[in-house]
Amino acid sequence: MSTIGTVNGGISFWYAQDGAPAPREPLPGDATADVCIVGGGYTGLWTAYYLKKAVPFLNITVLEAAFCGYGASGRNGGWLYNGIAGRDRYAKQHGHEAAVRLQHAMNDTVTEVVDVCAAEGIDAGIHRGGVLEVATSPAQLARLKDFHAVEIAFGEKDRELYGARETARRIRVTGAAGSSWTPHGARLHPVKLVKGLAAAVEALGVTIHESTPVTEIRPKHAVTPYGTVRAPYVLRCTEGFTASLAGQRRTWLPMNSSMIATEPLTDAQWESIGWDGLETLGDMAHAYMYAQRTADGRIALGGRGVPYRYGSKTDNDGRTQPRTVEALREILIRFFPQLAGVGIAHAWSGVLGVPRDWCATVTLDRSTGLGWAGGYVGSGVATANLAARTLRDLVQQDSGQAGPTELTTLPWVDHRVRKWEPEPLRWLGVQTMYAAFRGADRRESTARTAETDRIAILANRLSGR
Ligand SMILES: Cc1cc2nc3c(=O)[nH]c(=O)nc-3n(C[C@H](O)[C@H](O)[C@H](O)COP(=O)(O)OP(=O)(O)OC[C@H]3O[C@@H](n4cnc5c(N)ncnc54)[C@H](O)[C@@H]3O)c2cc1C
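This write-up is about the structure you can find in this document. This is a predicted model, so every value here is computed, not measured. (Residues numbered from 1 in each chain as written. Predicted model: local features only at pLDDT ≥ 70, side-chain atom pairs only at ≥ 80, totals over all residues.)

### Examining the site of the ligand
Using the following cut-off: Residue proximity rests on one test: whether the C-beta atom, placed from the backbone, lies within 6 Å of the molecule or strand. Strands here are runs of E lasting at least two residues and helices are runs of H or I lasting at least four, both read from the DSSP assignment and numbered beginning at the N terminus. Residues were grouped as follows: Ala, Val, Leu, Ile, Met, Phe, Trp, Tyr, Cys and Pro as nonpolar; Asp, Glu, Lys and Arg as charged; and all remaining residues, including Gly, as polar.
Taken together, the neighbourhood of the ligand is formed by 44 residues, with G39, G41, G71, G350 and G380 sitting nearest. Those elements that provide at least two residues to the shell around the ligand are helix 2 (42-54), strand 15 (253-262) and strand 19 (344-354). Partitioning the shell around the ligand into residue classes produces 21 nonpolar, 20 polar and three charged.

Next comes the structure, spelled out in structure tokens:
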């Protein structure tokens, strides 16, 4: 195995494979719109899609700093799944039933994305094989069983728990003692989805301006170096990049996530691994991994790497520290030792938005017309779609075109939380937390006890996760 010849950065492997998109014109000067959407990732594009579908005469403008899919939407692991950050906290705040409704909405969202892609002719390489989460130590197995029981309590009656032998029938991960599988998940090609979505939105008549960074959002205004878009509704869909906007530096912490993609594996290698169901694959480590079997027979695998850059900085077009590439490669080999000689074709990184209480939210401030959605904490591929349909309903409700809907009454709507601490506390806190997680994972991997490492429990409590 070697990382010599590994492409590093270049946004992501998905772009290297599918090609860079043709650029769209920047904003030519001052303009007006009914709705101005800032950010051309899944959240912004799905919001434009659903609003335009609901009210075809709406004049909608999307302003994108780089190009549609430049952010996490063009870099992610392609897990379209039903996880939503903050559900358990929302259950505590709004009651169990409200959180069950949220979970059901997420389950339906996976189907919604699959259905809309089919209806719009977006070939995003979707395979609906569900999500398989494996445990590779006694402590992980104990957490897996707890996790499985909790998910069932939130209404996932169709989830299945497997022992070591049943797990190996699906996928042969070294040391896997058990796994939990849900049908509410699919593997997809992130860039094919975001490119297809941008094209679908444009075909509906939405205006997209690229290479147009918004420097400030204020009520009814999105300010850019080329002019200002005035609109009754301005929706901020910038997720992990939110800190770069005036006044938002400590709103959502830009957490880093990094990935590698192998060269295509041989038939014999696939034979030794199994994974014929093409489930997305994760584990129960504190600094967890996530992976997919790609449509062209590679493994794309991600994890935390260097978690956070001082001062809420984002990465340089996905460039990734060599030690992170090495750490991900080690996970790959630990899971599948027979891949020790396989080359790593590509490594890249991206940022995701983390609110101080780790709870995703979608909000429309009725007094200002400012809206936002995000803070998905790494579970945004499906959640962005639910957020977008909710923003549509909130805008329609606010403009008197409709009343409250099932979506506008979900517990994550209009959730507010305090900001992150100033530096250097922010940086120190995140570094300490992930150092604690990595240490806990190391100790748990050799321990015989099923107890979760105490340092990890403490780190979770202190971080507010
Ligand atoms: C490496 C990685 C792996 C991931 N894997 C998964 C996964 O497998 N499953 C899952 O559910 N989630 C995953 N996520 C998270 C998921 O990709 C994101 O939650 C989701 O894509 C967020 O979409 P978004 O549109 O809100 O944000 P983004 O896709 O980040 O889009 C924000 C857009 O706003 C633009 N922008 C930023 N600032 C400005 C500005 N000032 N003016 C104008 N435009 C601006 C950016 O250029 C960007 O295009 C992953 C994230 C990363 C980084």
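Resuming the write-up.
### Re the sheet that holds strand 20 (residues 361-365)
What counts, and what does not: DSSP bridges decide pairing: two strands pair if at least two such bridges lie between them. In this description, a line fitted to the C-alpha atoms serves as the axis of each element, helices being fitted only across the stretch in contact, and the angle between N-to-C directions of two axes falls anywhere from 0 to 180 degrees.
Judged by pairing direction, the sheet is mixed, and its six strands sit side by side in the order 10-4-3-14-21-20 without closing on themselves. Of all the strands in the sheet, the pair left with one neighbour each is strand 10 (207-209) and strand 20. Neighbour-to-neighbour, the strand axes of the sheet open up by a mean angle of 15 degrees, direction not taken into account. Sheet topology places strand 4 (residues 60-63) next to strand 10; three bridges connect them, and they run parallel. Within the sheet, the bridge partner assigned to T61 lies in strand 10 and is T207.

### Thoughts on unusual backbone geometry
Where we set the bar: Neighbour density around each residue's C-beta defines its exposure: 20 or more other C-beta atoms within 10 Å make it buried, 12 or fewer make it exposed, and counts between make it partly exposed, where C-beta atoms are placed from the backbone.
Each neighbour pair has its own omega, and for E423 with P424 the value is 5 degrees, a cis peptide bond. Here P424 is to be found in the loop between helix 10 (383-398) and helix 11 (425-446). Backbone geometry at K220 places phi at a positive 70 degrees, although glycine is not the residue there. Take K220: it is sitting in the loop between strand 11 (216-218) and strand 12 (221-224). The class of K220 is partly exposed, set by 17 C-beta atoms lying within 10 Å. The backbone of L278 sits at a positive phi, close to 55 degrees, despite the residue not being glycine. Examined against the element boundaries, L278 turns out to sit in the loop between helix 8 (267-273) and strand 16 (280-283).

### Some thoughts on the sheet that holds strand 8 (residues 178-182)
Using the following cut-off: Note that contacts rest on C-beta atoms placed from the backbone: two residues are in contact if these are within 7 Å.
Read from one edge to the other, the open sheet built from nine strands follows the order 1-19-15-18-17-16-6-8-7, with strand pairing classed as mixed. Both outer strands of the open sheet, strand 1 (7-8) and strand 7 (160-163), are each paired with one neighbouring strand and no more. Here helix 5 (residues 138-153) sits on the sheet in contact with strand 6 (131-135), strand 7, strand 8 and strand 16, set at roughly 25 degrees to strand 8. The sheet strands contacting helix 9 (residues 322-335) are strand 15, strand 18 (299-303) and strand 19, and the helix crosses strand 18 at an angle near 120 degrees.

### What about the pairing of strand 3 (residues 35-38)?
Applied cut-off: By convention, orient the strands away from the viewer: a clockwise path from the first strand over the helix to the second makes the crossover right-handed.
Residues V35 and I37 of strand 3 are buried on one face, and the alternating residues C36 and V38, pointing to the opposite face, are buried as well. Here four bridges tie strand 3 to strand 4, and the two strands are oriented parallel to one another. By the bridge assignment, I37 is partnered in strand 4 with V62. This β-α-β element, strand 3 to helix 2 to strand 4, shows right-handed connectivity.

### A closer look at the nonpolar core
For clarity, the threshold we go by: Take the buried Ala, Val, Leu, Ile, Met, Phe, Trp, Tyr and Cys residues, join any whose C-beta atoms are within 7 Å, and the set you get is a nonpolar core.
Counting residues in hydrophobic clusters, the biggest one holds 132 residues, and the most contacted among them are V35, C36, V38 and L45. Look past the residues within four positions of V35 in its chain and what remains in contact with it is L51, L58, I60, A231, Y233, L235 and V395.

### Considerations on the packing of helix 2 against helix 7 (residues 190-204)
Two numbers describe a pair of packed helices, the interaxial angle and the distance between the axes. Which entries qualify depends on this criterion: Any angle that is under 35 degrees is reported as roughly parallel, and any over 145 degrees as roughly antiparallel; angles of 65 to 115 degrees are reported as roughly perpendicular and all others as oblique. Left-handed describes a crossing whose near helix is turned anticlockwise from the far helix through less than a right angle; right-handed describes the clockwise counterpart.
Closest axis-to-axis distance for the helix 2/helix 7 pair is 9 Å, and the angle between their directions is 30 degrees. Our classification of the angle between helix 2 and helix 7 gives roughly parallel. In this structure, helix 2 crosses over helix 7, and the sense of that crossing is left-handed. Contacts between helix 2 and helix 7 pair Y42, L45, W46, A48, Y49, K52 and K53 from the former with V194, L197, A198, A200, V201 and L204 from the latter. Residues belonging to the contact of helix 2 with helix 7 are distributed by class as follows: 11 nonpolar, no polar and two charged.

### Looking at the pairing of strand 19
Of all 11 residues in strand 19, 10 are buried, a share of seventy percent or more. The pairing of strand 1 with strand 19 spans two bridges and is parallel. Following the sheet pairing, N8 is matched in strand 19 by A347. Where strand 15 meets strand 19, 10 bridges bridge the pair, whose relative direction is antiparallel. Within the sheet, the bridge partner assigned to S258 lies in strand 19 and is S349.

### Remarks on the packing of helix 11 against helix 12 (residues 454-463)
Running from N to C, helix 11 and helix 12 point in directions that differ by 155 degrees, and their axes come no closer than 8 Å. Here helix 12 runs roughly antiparallel to helix 11, going by the angle between their axes. The way helix 11 lies across helix 12 gives a crossing that is left-handed. On the side of helix 11, the interface is formed by G429, M433, A436, F437, G439 and A440, while helix 12 contributes I455, A456, A459 and S463. Here the contact of helix 11 with helix 12 is built from residues that sort into seven nonpolar, three polar and no charged.

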